[in-house]
Structure formats: structure tokens, C-alpha cells
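Summary of structural features
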Amino acid sequence: LAKSGNKLRSVDSDLTSGDGDGDDAKSMSGSSYGVKSVDDYGGLNYQYLGAGIRDSRTLPNFAMESVSHDQMPFAHGDIKNIPYVHGGFFGAAPFMLTNPHWISILRILMPDVYVEISRRAAYAPAPKLIHWAENNPVVAAYGTAHELEFSGRVPTLEWDVFLDPYLVKRVEIVLNEKEGFLQRQRDSRKKAHKESHRKDDDHGLDVMEGENDDEVIGNPTPMASSNERLVLSYYNAEIRRRTELLAERMLIAHGNVAQLVLEQTGYLKKYNFSRVKRTRKTLGGGIFARQWLAVYADAMKFGMGVDDDDYDDDCESDTDSTGAQDDVNFEDGAGIDHNAQIVAIGGHHGATSPDAKSATNSSLEESVFKTPGDDRSIGPPRKIVMMRSNEDDDDISIDGSITSELTSPQTAFLARTRKAQKARSAKKKGQQRVDSTSLNALAKSICPDYSIKDSIDSLKHIIQCPAPFGLVLDMKSRHVSRKVWALVIDFLRDAGARVEGIASFFVEEVRDISKYCNSPVNEIVFAHSAGDIQLGCHDGRIRRGDKVFFNAGSLLWDYPNIFDVNDMRNILEHRMQICFYAEDIKQSYRLKAYAKTTKPAQYSPKNQNIMSDDESETCAESADDASTGSDLFTKLLVQDRIRKSSVNMDFTYEEVPGGVCSTIQEYKNHYNLKIGLYVQEFAIDDAAVSLIVKYVNANPHVYELGLSWGGINGLTVRGIQPGRFTATDGLWNQRYAGMPWREDLKPSDESTT
């Protein structure tokens, strides 16, 4: 089953061949990470790959099994349009934990995370197993590899990003200095023109009031001297250098509730960033973008079984990385400590030690990852063993290779200096110092560390795609200049990333960022609920043509009136009854009245991606042929596709008093909005997600941007169930931040709320 990619593609070609048009053919492809063009789904562009995808060492959906053996397919087929992967495929964690090949990759590349999750996997509930994997690069690589093999599409990932406030300030300083310099040049030229005009009235010159920066930089006037050009080139080079450092030390992390609240205030930003950085990766913390992409690229390399011999000779890296994850020296103005040494333990670029001191006194004779031109077998090593030697320096043994030898006079000198410092520290404390052998230190020491551009270049050859890495940036850092965000976006694009969009829950943070980018980027507005979109339209925060996403759980949840005694009494009676049945809650799900939709006159049934009777007969014949040919696997694939395409489009909506209620579709049409949905994958049960998927697939004319699902498309787990005091409609804690829908408001109302 693990090598089923070619069979799946052959089945796809059989099912999509015939007289059907392109839309009908694509409706059979299951997963929809990607679209045909920029305009099909509101301007988001994705990559599609054809045949020739490598073996991902994953299984097709119907053969996958979760760690608790409670896997469950969506009741009404797969999601037809997934604009981006919410949380970086963290919903795929229960399925990855049953795959030995990918577990070994996690153990090698992220041993600290592996140890933590291995202690929880046996007893932890499904929501916690999913939550720990948010923004995890290995889990993201697992989901990407699965989609590459079984759908042929490159998914677009979501990054939750924090910017280092210290590095942001350094970039802003140079930007302000450059703007001041340009303004002084413009003022001096205007003054010179005025003086010339006064001297010679017959040949007066009209002063150009709208002279911009491009006239100074690209097309300088004759008065521009070589010194001015030299100063401008220095400013531009310094901005590029500082932006690179800022982007590579961009923290990929979600943060906990307290950290997010503190970030909104704008106070203690440096302290808050340090807290997020030090939070464990399984509790909302993260790693820098540089290391994230390096781990992601190596995980894709091992997962897809790519040999280094597959790389072209001209793409072999001839430079080693010199940055350490946690040691950056800002005193020299360069922002990078060039004295930091590399621990060459693997990868074609090496890896860094936890700190600059420990990085100089250890090396490994055997590489973990094969380098170009090496004859050793590829794939992750079998195990990592931490061993304590009699000396002060810790040894790391990988597959039995133990090395901690001083190989140069400089290294020996640094080691003796370190030993003397430790002795003085131990004497001062009155006790012997013991070196740390923490998993965190081990993870830092073996983490591959090479530039963002090198990582994306590696992905190009692994995935065999010119744009292998798509991103939607979720801005967690607040009060950052739009110019700085634009510089980060341009840097990532120059490095080879497809930055499809930048999003925030605060409209003023994301508005007009495209004006400062070299090429436009989708500015996406996040909302907690449908009521937030309604309120934003009336108070002017959401404008015509905006792209908005809100939590689909708000289409199912009743916002209680805490001031109504009867409502509160009913809630308490329901929750405190002796017998509580989760199935009763799941069967009571109904779409709200404001979720009602109507089909436009020009809407064609073929756009609903429903399989016709002729297609069903063709699939049934294919299944019979497969069974006569004793190909059980192909038969299962065909039957799975038939199930996914059989969707009933009837919905039940709640009624409101008076029967009059404005709808989301009315606001979408009035404001020309492009709307998408997302859910919290660790807080949604199988009944809720199946209903939402069915609803979104049936209404692509309303939800053009589809549903952002952060798991395996078509699969969920049964372990997420509603409780007496917990709801599993996908809204999670956002129900306390979102606004309820007001039935009395209409899109045409001019009054603000």
C-alpha cells in the first residue's frame, strides 16, 4: 500500500478520460490543494504537478489508520477547494504517529519533540495529539508528501509568525535614515531650481513637485553626484542585509493565550518575544524560519526517498552555513556572529551547535545525512544515543559513532578556556558543575541550519517543481510597520517562496501592504465569526473586494443571551442532566438562518462537482474490471472515489422569529467579498466537519476561497467528541471573542453599529 502512487494516478487517468469537460475531470481528483488559475478562487494561486511524483511512504486515505484506531472519513466526500493548510498540517499528527518511516524522521530531526510526544501518544486524547503538532515542520512535510503523491498538488502552508522587535527596530532605523536622505536631496534640488529660476527668468525651470525615490535612485538628475549614489547603494545593501537576518530569525510559533494578549498591548515586546521563543514547541512555541525550512527540506528529502545523486551538479552547495540558532552578535553591526563554528553532523550544509562556545569543541567523524557524491545509503539513521564522557564535553553517538576529539590547536585552546571558566563558576557556586545533556540542547546541536534560499532550492529538486513552497503568513506580531512586512515578503519571494497572502485579525495591520511590495500580495482579513464580518462591513473596517476568512463553527453555534434567564436555565438543565449523550449533540447540528444561500441564475449544476449517472456507471464498471483482474487495491480506490463524489445537497436551517434574517450571501454580493472558512481541527467532531464540508462544497459561489483544512483531506478522528461543558463545533475559544450575527441589520444599512 505504501507504493500506491502510480496505481492511484493510473486510476485517475482512467476515471477522468472520456467526453467529460475539464471541470468534471478535476472533480474526480479528490483533494484540491490548488486551482487552475489566479482568478478561479479569488486570486490565490497554487501549483499543480502531473505524473512522476515520488513515493511518499504514506498511505491512501482509506488505508490510513490513526494512533487510536479511530480514523473516520468525511461523510460527504472530500473538500473541493483548500486555499491553504491551516496550522501547517497539524491535523495529520494522529496519522503520522502510526507511520514508522516518518516517526524515525521525527526522532532524528526533532528528538526533543519525539520524546515528548512518545510519552503522550499512548494515553493523550486526540485534541492534544493534534495541538502539539501546530507549526511542526516534520508533520508539515508528512502532509505535503501525502498530497504530492495522491493528488499531485503542492499545498500552501500557513505560518504563524512573530518578528523579533529588536531586529525590526534595526531595519526601521535604516529605512528612516534613507527616507531622510532622499528628502534632503529633494529639498536641495528644489532650492537649486529656485535659485536658477531667479537668476535667469527667460530660461526658468518648472520644479517637479512629484519627484519620487525612483528618480533619485534609478534615473538621477545631472545634479546627482557619485557620492549620493554611493550613499544610496549603501542604504539599499544595509536594508537587504538586515531584512535577511530579520526573516531568517522570524519565529514560526502560535504562542499561548497570555502571550497573544500581551502582544496586542504593544508593551514588553522584547520580553514577550523571548517568552514565545523559550516556550516548548509542543505548547505553542516554535523555531526560527531558517531552521524550520531546513528541517522541512530534510524531512521531505528522507520522506520522499530522494538520493543526493538525483541533484544536478550545478545545484550542489559549495558554501556552509555559519549562523547559530540562538547566538547572534549585534555589536559588530553585521548581525551575525561569524566566529561561530559549525558542528558538521549531516546535511549538505551541516548543522549548528546550541551556542557558539560549545560549537567549537566537538565534531562528528560520521555524517548523519548523506552529502553529494557520498556512497553511503540515504535515509535517517537508526537512533541517537546521548553519552556522557569523563571529560567536560558531552559526546553524541549516532548509529554507534562516538566522536569528541579536539582536532586543531584553536579548538583545543577554546576547550581549555571553557574548562577554566566552568571551574571558576563551580568554585564560586561551591559545587561541581555538570554539563547539560537536555533534549533541547541535543535538538539544537543536530538541527540542520542552512539559509532559506538553500532550503527552497533543495525543495525544488525534491518536489521537481519551480515553486515548491507556498505560504500564507498569519501576523502574530503587532504594531509592525507595513514597510517592514513588505521587505520580509519580498525577501521570501526572492528566496523562491510563493507568498500567496498575508493575514491578520486586525485589518489596519494588513491593509495596503501590497503598495510597498515589489509585486502585489493577497491581503487577507481573519475574523472569529460571521458576526465579525457583518460588523466590519458596517463600521468600515472591511471594504469592497476584501478577502475574508472566518471560523465555520460560528455557522453552527448558538450565541446564548446571558441576560435572558430562560436561556441560562435551559443551558444549565441540559448540561447537568444525569444522562448525557454526545450523539444527541451531534445530531442536533443545524446551520443558522444567516447561512442560507440561493443559487444564481447563471449557476451551472456541473460546478457543484457532482458525479453524473454516466460517470457512476463508468466507475462501477472500472471497479468490476479491477475485481476480475484480482487487483483489490485498485478496486478500493475506485469505490473510495465513488463515495467521495456522491453528495446530497439538502440542508436544514434554523428558523428565526418573523422569518426575516439577513444572510452572508447578501453581504458577499453587496460588498463583492471573497469569503473563505477555517476551523480548529483539534476541536471539531466528525459530524460537524462533515456538515461544514458538505455545505462549502455545495456553495462555491458564496465561499470562493473554500475551506482551509489543516489535516488529511477527507479524514478525521472519532476521538473528538462533545462533552457537558465542551463544544466540538470547530469554534473552540473563538466563541468568546467573536460577535453574534444581528438579524435586523441589512447590507444596505448606512448606519454604523
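Keep in mind it's a predicted model, so treat the numbers as computed, not measured.

Moving on: the overall build of the protein. For the protein, the helix and strand inventory stands at 25 helices and 18 strands. Looking at the 753 residues of the protein, the share that counts as buried comes to 53%. For the protein, restricting intrachain contacts to residue pairs at least 6 apart in sequence, the fraction spanning at least 24 positions comes to 81%. Working note: accessible area of the protein is about 34,200 Å², and carbon and sulfur atoms make up 50% of it.

Attention shifts here to helix α16 (residues 452-463). Its twelve residues give α16 an end-to-end C-alpha distance of 16 Å, which sits within 8% of 16 Å, the value for a rise of 1.5 Å per residue. If you check which residues of α16 are buried, you get Ile 452, Ser 455, Ile 456, Ser 458, Leu 459, Ile 462 and Ile 463. The buried side chains of α16 occupy one side of the element, clustering within an arc of 155° when seen end-on. Residues of α16 that are buried sit in contact with α7 (137-150), β3 (153-154), α10 (226-248), α13 (289-303) and α17 (482-494). Gln 464 occupies a position one or two residues after α16 and carries a positive phi of about 60°.

Here we take up the pattern of salt bridges. Going through the model one piece at a time under the given rule, you end up with 25 salt bridges. With a shortest N-O distance of 2.6 Å, Lys 269 and Glu 263 are connected by a salt bridge. Taken as a pair, Lys 269 and Glu 263 share a single burial class, namely buried. By sharing partners, the salt bridges in this structure join Glu 116, Arg 120 and Arg 280 into a single network.

With that out of the way, let us pick up the sheet that holds strand β17 (residues 707-708). With mixed pairing, the nine strands of this open sheet are ordered in space as β6-β5-β4-β12-β13-β14-β15-β16-β17. In this open sheet, the two strands that pair with only one neighbour each are β6 (287-288) and β17. As paired strands, strand β12 (residues 470-475) and strand β13 (residues 498-504) are joined by five bridges and run parallel to one another. When the sheet's bridge partners are listed, Gly 470 is paired in β13 with Arg 498. Across the sheet, α17 lies against β4 (156-162), β12 and β13, angled at about 155° from β13, the strand it touches most.

When you tally the buried positions in β12, you get six out of six residues, the bulk of the element. Neither face of β12 is open: one carries Gly 470, Val 472 and Asp 474, the other Leu 471, Leu 473 and Met 475, and all of them are buried. Strand direction decides the pairing type here: β4 and β12, joined by six bridges, are parallel. Looking at β12, one finds that Trp 159 is bridged to Leu 473. Handedness of the β-α-β unit built from β12, α17 and β13 comes out right-handed.

A contiguous nonpolar surface patch, about 390 Å² in accessible area, is contributed by Tyr 267, Leu 268 and Tyr 271. Among the structural elements, Tyr 271 can be located in helix α12 (residues 269-278). With relative accessibility at 47%, the residue Tyr 271 sits in the partly exposed group.

Looking now at the side chain of His 146. Looking at where His 146 falls in the secondary structure, it is placed in helix α7. The residues touching His 146, leaving out its near neighbours within four places in the chain, are Ser 56, Thr 58, Leu 59, Pro 60, Asn 61, Met 64, Ser 151 and Ile 712.

With that settled, the discussion passes to unusual backbone geometry. One non-glycine residue, His 69, lies in the positive phi region at around 60°. If you trace the backbone, His 69 turns up in the loop between β1 (47-48) and β2 (71-73). Look at His 69 and you get exposed, because its relative accessible area is 55%. Residues other than glycine seldom take positive phi values, yet His 479 does so here, at roughly 60°.

Tracing the sequence through the fold places Val 154 in strand β3. Counting along the chain gives 309 residues from Val 154 to Ile 463, while the straight-line C-alpha distance between them is 8.6 Å.

What characterises a pair of aromatic rings is the spacing of the ring centres plus the angle enclosed by the ring planes. Counted according to the given criterion, the structure contains 20 aromatic pairs. For the pair Trp 159 and Trp 292, a centre-to-centre distance of 5.3 Å together with 80° between the ring planes defines the contact as edge-to-face. In this pair, Trp 159 is assigned in strand β4 and Trp 292 in helix α13, connecting sequence segments 133 residues apart. Comparing Trp 159 with Trp 292 shows no difference in burial state: the two are buried. Here Tyr 667 and Tyr 671 contribute two aromatic rings whose centre-to-centre distance is 6.2 Å and whose plane-to-plane angle is 5°, an arrangement assigned as stacked. Residue Tyr 667 and its partner Tyr 671 are located together in helix α24 (residues 664-671), separated by four residues, close to a single helical turn.

Moving on, we get to the environment of Ala 145. Take Ala 145: it is sitting in helix α7. Of the residues examined, Ala 145 reaches a relative accessible area of 0% and is grouped as buried. In contact with Ala 145, other than residues within four places in its own chain, are Ser 56, Trp 102, Met 300 and Met 304.

Right, let's talk about the packing of helix α4 (residues 100-109) against α7 for a bit. Between α4 and α7, whose axes approach to 10 Å, the crossing angle comes to 150°. By the angle between their axes, α4 is roughly antiparallel relative to α7. In this structure, α4 crosses over α7, and the sense of that crossing is right-handed. Contact residues: α4 offers Trp 102, Ile 105, Leu 106 and Leu 109, while α7 offers Val 138, Ala 141, Tyr 142 and Ala 145. Split by residue class, the contact of α4 with α7 holds eight nonpolar, no polar and no charged.

Turning to the side chain of Glu 116, a few remarks are in order. In this structure, Glu 116 sits in helix α5 (residues 111-120). Of note is the side chain of Glu 116, whose polar atom sits 3.0 Å from the side chain of Arg 120. Among all residues touching Glu 116, those that are not within four sequence positions of it are Arg 280 and Thr 282.

Below, the discussion takes up the pairing of strand β15 (residues 547-551). Where burial is concerned, most of β15 is hidden: five out of the five residues are buried. The alternating pattern of β15 places Lys 547, Phe 549 and Asn 551 and Val 548 and Phe 550 on opposite faces, both of which are buried. One crossover worth recording links strand β14 (residues 522-527) to the parallel β15 by way of helix α19 (residues 530-539), and it is right-handed. Pairing of β15 with strand β16 (residues 674-678), which is carried by five bridges, proceeds in the parallel orientation. Looking across to β16, one finds that Lys 547 is bridged to Lys 674.

What follows concerns the environment of Glu 666. Relative to the helices and strands, Glu 666 resides in helix α24. For Glu 666, a relative accessible area of 32% puts it in the partly exposed group. Here the alpha-carbon distance between Glu 666 and Val 702, two residues 36 residues apart in the chain, equals 9.5 Å.

Our focus in this paragraph is the packing of α7 against α13. When two helices pack together, their arrangement is given by the angle between their axes and by how far apart the axes lie. α13 packs onto α7 with a crossing angle of 45° between their chain directions and a minimal axis gap of 8 Å. Here α7 lies oblique to α13, going by the angle between them. The two elements α7 and α13 cross, and the hand of that crossing is right-handed. For the pair α7 and α13, contact is made by Pro 137, Val 138, Ala 140, Ala 141, Thr 144, Ala 145 and Leu 148 and by Trp 292, Val 295, Tyr 296, Ala 299 and Met 300, respectively.

What follows deals with the confidence of the model for the protein. Mean pLDDT over the protein: 74, with 63% of residues reaching 70 or higher. Confidence drops under a pLDDT of 50 for residues 1-43, and excluding neighbours within four residues, the segment shows 102 contacts in the predicted structure.

Reading the values: the criteria
- Residues numbered from 1 in each chain as written.
- Predicted model: local features only at pLDDT ≥ 70, side-chain atom pairs only at ≥ 80, totals over all residues.
- Heavy atoms only, no water.
- Helix = DSSP H or I, 4+ residues; strand = E, 2+ residues; numbered from the N terminus.
- Buried < 20%, exposed > 50% of the residue type's maximum accessible area, 1.4 Å probe, protein only.
- Contact = heavy atoms within 4.5 Å.
- Areas by Shrake-Rupley, 256 points an atom, 1.4 Å probe, with all protein chains shown as cover.
- Expected span 1.5 Å × (residues − 1).
- Arc of directions from axis to C-beta.
- Salt bridge = Lys/Arg side-chain N within 4 Å of Asp/Glu carboxyl O.
- Pairing = 2+ DSSP bridges.
- Axes fitted to C-alpha atoms, helices over the stretch in contact; angles between N-to-C directions.
- Right-handed = clockwise from strand over helix to strand, strands pointing away.
- Patch = residues over 30% accessible without salt bridge, like charges linked within 9 Å, V, L, I, M, F, W, Y side chains within 5 Å.
- Phe/Tyr/Trp six-rings, centres within 6.5 Å; stacked < 30°, edge-to-face > 60°.
- Parallel < 35°, antiparallel > 145°, perpendicular 65-115°, else oblique.
- Left-handed = near helix turned anticlockwise from the far one by under 90°.
- Nonpolar A, V, L, I, M, F, W, Y, C, P; charged D, E, K, R; others polar.
- Polar contact = N/O pair within 3.5 Å; in protein donor to acceptor, adjacent residues only side chain to side chain.
- pLDDT = per-residue confidence, 0-100.

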